[in-house]
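Now for the letters of each chain:
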Amino acid sequence: MGSMSLYQNERDRKDQQLSELQKKELESSSASLYNLGKTCFLNATLQCLKAVSELRLELTKYEGNPDDSDESNLVTMTARDLFSELDGSKTPVSPKKFLRLWEISIPITVRREDAEECWTRLVDTFLESLLKAENGSENPEAVKKIFGIDIVGSVHSEETGHSSSEKASFNMFPCHISDGAETLLEALKIDLKDERDLFSASLGARF
């Protein structure tokens with residue numbers, strides 16, 4: 001039989017190790033963002049993008065022009081400054097300045113409550129800014145290289161036996177978790193499949 005005191009000492013040692021690990025994680029993590037009223041989706045998207053070190057590097061090199069009223073330039077500069085503020089703070093940061101600009105430049109239907117749309121808009125905005133930058137990123141297509149996905153799809157008609165292929169490029173590939181997918185890989189496989197009902201007016205037939 002084991003000693004109760006030995007068991008307790010071992011448990012205390014593991015608790016101490018866990019506490020030290022949590023402390024290190026907290027010390028290495030940056031601050032969070034205040035929720036300013038239904039901004040949780042936007043906040044989460046900003047913090048996910050901030051965690052991409054390659055993107056952060058490109059944004060750091062982006063100088064921008066404060067006098068340029070171009071929306072992509074202003075959004076990119078404000079996001080860059082917000083990320084830097086988060087890095088230098090251990091307490092929550094208000095995204096008020098970014099949110100004010102975001103609500104001017106983005107349609108009201110997708111401003112705050114659609115994380116997928118927020119992600120797409122932000123990545124496209126960063127890409128546009130870096131492509132136009134004169135003294136900013138050394139690699140204007142960096143965003144495309146970081147997030148770009150090239151997909152070659154094959155289309156096969158069970159009715160005619162006709163097959164063809166098509167290529168498409170995306171900066172995001174949505175993955176919808178459903179009842180039929182228990183893992184991320186299964187969800188991706190499901191989303192890569194697509195059933196289409198095509199009709200050719202010239203042939204007068206489906207294919």
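From a predicted model like this one, the values you see are computed outputs, not experimental measurements.

How do you make sense of the overall build of the chain when you look at a structure like this?
Across its full length, the chain holds eight helices and four strands. Counted from the first residue to the last, the chain has its helices and strands arranged as α-α-α-α-α-α-α-β-β-α-β-β. Counting across all 207 residues of the chain, residues that qualify as buried make up 27%. Here the contacts in the chain between residues at least 6 apart in sequence split such that 54% fall between residues at least 24 apart. A total of about 14,300 Å² of accessible surface is found on the chain, and carbon and sulfur atoms cover 52% of it.

Looking at this structure, how should I read the packing of aromatic side chains?
Geometry of an aromatic ring pair is reported as the spacing of the ring centres plus the angle between the planes. One pass over the structure, following the stated rule, counts two aromatic pairs. Measuring from ring centre to ring centre gives 5.7 Å for Phe-98 and Trp-102, while their planes differ by 20°; the resulting arrangement is stacked. Of this pair, Phe-98 and Trp-102 are both found in helix H5 (residues 96-105), four residues apart, which corresponds to roughly one turn of the helix. Residue class for Trp-102 comes out buried when judged on its relative accessible area of 0%. Relative to Phe-147, the ring of Trp-119 lies with its centre 5.5 Å away and its plane at 85°, an arrangement referred to as edge-to-face. Here Phe-147 lies in helix H7 (residues 142-147) and Trp-119 lies in helix H6 (residues 115-132), a separation of 28 residues in the sequence. Residues Trp-119 and Phe-147 agree in their burial class; the two are buried.

Help me out: how do you make sense of unusual backbone geometry in this one?
For residues that are not glycine, phi is negative in most cases, and the peptide bond is trans in most cases. Look at Lys-38: it is not a glycine, yet its phi comes out positive at around 60°. Looking at Lys-38, the relative accessible area reads 57%, which means it is exposed.

I tried to follow the nonpolar core on my own but got confused; where do I start?
Nonpolar side chains in soluble globular proteins generally cluster together in the buried interior. Residues Leu-49 and Phe-98 are the most contacted members of the largest nonpolar core, which totals 29 residues. Of all elements in the fold, only helix H2 (40-50), helix H3 (53-61), helix H4 (71-87), H5, H6 and H7 reach the threshold of two or more residues within this core. Setting aside residues up to four positions removed in sequence, Phe-98 forms contacts with Leu-42, Leu-46, Val-75, Thr-78, Ala-79, Leu-82 and Leu-122.

I tried to follow H5 on my own but got confused; where do I start?
Note on helix geometry: an α-helix contains 3.6 residues per turn, so any two residues three or four positions apart are oriented the same way. Of the positions making up H5, those classed as buried are Phe-98, Leu-99, Leu-101, Trp-102 and Ser-105. Mapping the buried residues of H5 onto a view down its axis gives an arc of 165°, with all of them on the same face. In H5, those exposed residues whose orientation departs by more than 90 degrees from the buried face are Lys-96, Lys-97 and Ile-104. Taken together, the buried residues of H5 touch H2, H4 and H6.

Could you clarify how one ought to interpret H6 in this entry?
With 18 residues, H6 extends 26 Å from end C-alpha to end C-alpha; this agrees with the ideal 26 Å at 1.5 Å per step. If you check which residues of H6 are buried, you get Cys-118, Trp-119, Leu-122, Val-123, Thr-125, Phe-126, Leu-127, Ser-129 and Leu-130. Each element contacted by the buried residues of H6 is listed here: H2, H3, H4, H5 and H7.

Whenever I open this one, the packing of H4 against H5 confuses me. Can you help?
Angle between the axes and distance between the axes are the two parameters that describe a pair of packed helices. Running from N to C, H4 and H5 point in directions that differ by 160°, and their axes come no closer than 10 Å. Taken together, H4 and H5 sit at an angle that is classed as roughly antiparallel. Viewed along their axes, H4 and H5 form a crossing whose handedness is left-handed. Here Glu-71, Leu-74, Val-75, Thr-78, Ala-79 and Leu-82 of H4 come into contact with H5, specifically with Lys-97, Phe-98, Leu-101, Ile-104 and Ser-105. Class assignment of the residues belonging to the contact of H4 with H5 gives a composition of seven nonpolar, two polar and two charged.

Each value, and the rule that gives it
Residues numbered from 1 in each chain as written. Predicted model: local features only at pLDDT ≥ 70, side-chain atom pairs only at ≥ 80, totals over all residues. Heavy atoms only, no water. Helix = DSSP H or I, 4+ residues; strand = E, 2+ residues; numbered from the N terminus. Buried < 20%, exposed > 50% of the residue type's maximum accessible area, 1.4 Å probe, protein only. Contact = heavy atoms within 4.5 Å. Areas by Shrake-Rupley, 256 points an atom, 1.4 Å probe, with all protein chains shown as cover. Phe/Tyr/Trp six-rings, centres within 6.5 Å; stacked < 30°, edge-to-face > 60°. Core = buried A, V, L, I, M, F, W, Y, C linked by side-chain atoms within 4.5 Å. Arc of directions from axis to C-beta. Expected span 1.5 Å × (residues − 1). Axes fitted to C-alpha atoms, helices over the stretch in contact; angles between N-to-C directions. Parallel < 35°, antiparallel > 145°, perpendicular 65-115°, else oblique. Left-handed = near helix turned anticlockwise from the far one by under 90°. Nonpolar A, V, L, I, M, F, W, Y, C, P; charged D, E, K, R; others polar.

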